[in-house]
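Listed here are the chains, written in short residue letters.
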Amino acid sequence: MWAQKKQLGFTIVELLIVIVVIAILAAITIVAYTGIQDRANASAMVSEVTQVVKKLEAYKVQNADLYPTTLSAASITETAGYTYSYTPSPSRGAYSFNLQDGSTNYFATSGNKTPMLGNGDGLVAWWPFNDSPLDVAGGLESTIYSSVTATTGQNGQANSAYAFNGNDTRIDAPGEDPIVLNRNIGDLTISFWYLGEHTTNGTRFILSRRSADSSSSTDYLFFITAGYFIFGTGSGDECAWPDASTTLYQVSEPSRNTWHHVVGTINQTAAQEGTKTVWVDGQKQSDCAYTHKSSAGGADLHIGTRYTTSAGANYFLGSLDDLRMYNRTLSDQEIEALYTAGAQ
């Protein structure tokens, strides 16, 4: 009989199986390495922010309890590969610091020194409402009236938001720079999370800075009325204003009893004019030009009501979380990132 030939090497099927296994192992290795690298980068950024905060605090101790007006005054220089952004409020002993590496940002503030993932570039006021009414970025003194109560926030954590009763509860902060919208060229972004609990279509003010009940005495305001959500700036032609003759710029009120993220941006391109946008849950809802003619003077910022503080004066009924103000117009990508991150 003829001896049976032995098969040498691998069959095509066996080779394909080996190739697939190698590819899977390579993919797992790449994913694992990327994860390790990301964690290492995050750790390095946290360390960098921590070191900057330590130097700012050391400067404060040595300089009559004041923070520096520039980072260089505290002998802080940028580390290669990072971009620094420092927003001081020297008169109130406050600041925000942001560290950027590509699309990743970590920030810390004078009132919240633990580095946090998120965007603090140009952050001039921040009320996290984490069982405290304090502005932890700009140092604005905030006062609670009629005992707003701590409640579960948008992130599901207890005592990380404030509940307003719709009758007489509010938080006030002084109308001072940098949250004042003047008539000159400048930018402002206001971001917050809210949960409305009202059952009627009456007017409910979420926040306002105005000295009288007219557009000519208004800096900016957010309120809900007749099924619409309004972002007003004392404009000659209001964006997002309910007008029976057109649907242009109308922003429908989001669903009630659910958390929603709202952002209003103001970009003054010339004296008393510019553009503004309204965003709800990461989606741009309106974008229009306006003529700014407000003059709110030194009126306080009212959180939870309009300019008047009499009982029942269109007070907000529901919860507020993570109110921020930036001294610039955030980009579309930055606004979407704020929504994705959720309240902090």
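Along each chain, residues carry numbers from 1 onward, in the same order as the chain's sequence is written. In keeping with the model being predicted, local features are shown solely for residues with a pLDDT of at least 70 and side-chain atom pairs are shown and tallied solely at 80 or more, while totals for entire chains, interfaces and linings include all residues. Note that the side-chain values use all heavy atoms of the structure and ignore hydrogens as well as water.

Could you give me a rundown of the environment of G118, with the residues and numbers involved?
Per the convention used, a helix needs a DSSP run of H or I reaching at least four residues, while a strand needs a run of E reaching at least two, with both numbered from the N terminus. Within the secondary structure layout, G118 lies in the loop between β4 (112-117) and β5 (123-127). Residues G118 and N105, spaced 13 residues apart in sequence, show a C-alpha to C-alpha distance of 5.3 Å. Look past the residues within four positions of G118 in its chain and what remains in contact with it is N98, N105, Y106 and F107. Two residues form a contact once any of their heavy atoms are found within 4.5 Å.

Give a detailed account of the nonpolar core, specifying residues and quantitative values.
In this text, buried Ala, Val, Leu, Ile, Met, Phe, Trp, Tyr and Cys residues form a nonpolar core when linked through side-chain atoms within 4.5 Å. Using a 1.4 Å probe on the protein chains alone, a residue whose accessible area is under 20% of its type maximum counts as buried, one over 50% counts as exposed, and one in between counts as partly exposed. Among the nonpolar cores identified, the biggest contains 34 residues, and W127 and F192 are the most heavily contacted of them. When residues in this core are grouped by element, the largest group, 4 residues, is from strand β10 (residues 186-196). The residues contacting W127, other than those within four sequence positions of it, are P133, L134, D135, L140, S142, A173, L301, I303, D322, L323 and M325. One finds V53, I76, Y95 and L99 within the second-largest nonpolar core, a separate group that totals 17 residues.

Explain the side chain of K276 to me, using residue names and the numbers behind them.
By the secondary structure assignment, K276 is in strand β15 (residues 273-280). Any pair of nitrogen or oxygen atoms within 3.5 Å is treated as a polar contact; in protein, a donor-acceptor pairing is required on top of that, and neighbouring residues in sequence qualify only through side-chain atoms on both sides. Within the structure, the side chain of K276 is placed 3.2 Å from the backbone oxygen of F231, a separation counted as a polar contact.

So, the side chain of N119: which residues are in play, and what are the values?
Looking at the secondary structure, you find N119 in the loop between β4 and β5. Side-chain polar atoms of N119 contact the side chain of R328, separated by 3.5 Å. Not counting residues up to four positions away in its chain, the partners in contact with N119 are N98, N105, F107, R324, Y326, R328 and E334.

Can you break down the pairing of strand β9 (residues 170-173) residue by residue, with the values?
Residue alternation in β9 divides its side chains into two sets, R170 and D172 and I171 and A173, and both sets are buried. Here the rule is simple: two strands pair whenever DSSP picks up at least two bridges between them. Alignment of strand β6 (residues 143-145) against β9, held across 3 bridges, turns out to be antiparallel. Note that in β9 the partner of I144 across the bridge is I171. Taken together, the 3 bridges between β9 and strand β17 (residues 301-303) define a ladder with antiparallel strand orientation. Across the sheet, D172 pairs through a bridge with H302, a residue of β17.

Describe in detail the sheet that holds strand β2 (residues 94-101), supporting the description with residues and values.
In spatial order, the strands read β1-β2-β3-β4; together these 4 strands make up an open sheet with antiparallel pairing. The open sheet is flanked by β1 (83-89) and β4, the only strands paired with a single partner. Between one strand axis and the next, the sheet turns through 15° on average, direction left out of account. Pairing of β2 with strand β3 (residues 104-109) involves 6 bridges; the strand directions are antiparallel. Opposite L99, over in β3, you have Y106 as the bridge partner. Between N-to-C directions, angles cover 0 to 180 degrees, with each direction set by a line fitted to C-alpha atoms, over the stretch in contact for helices.

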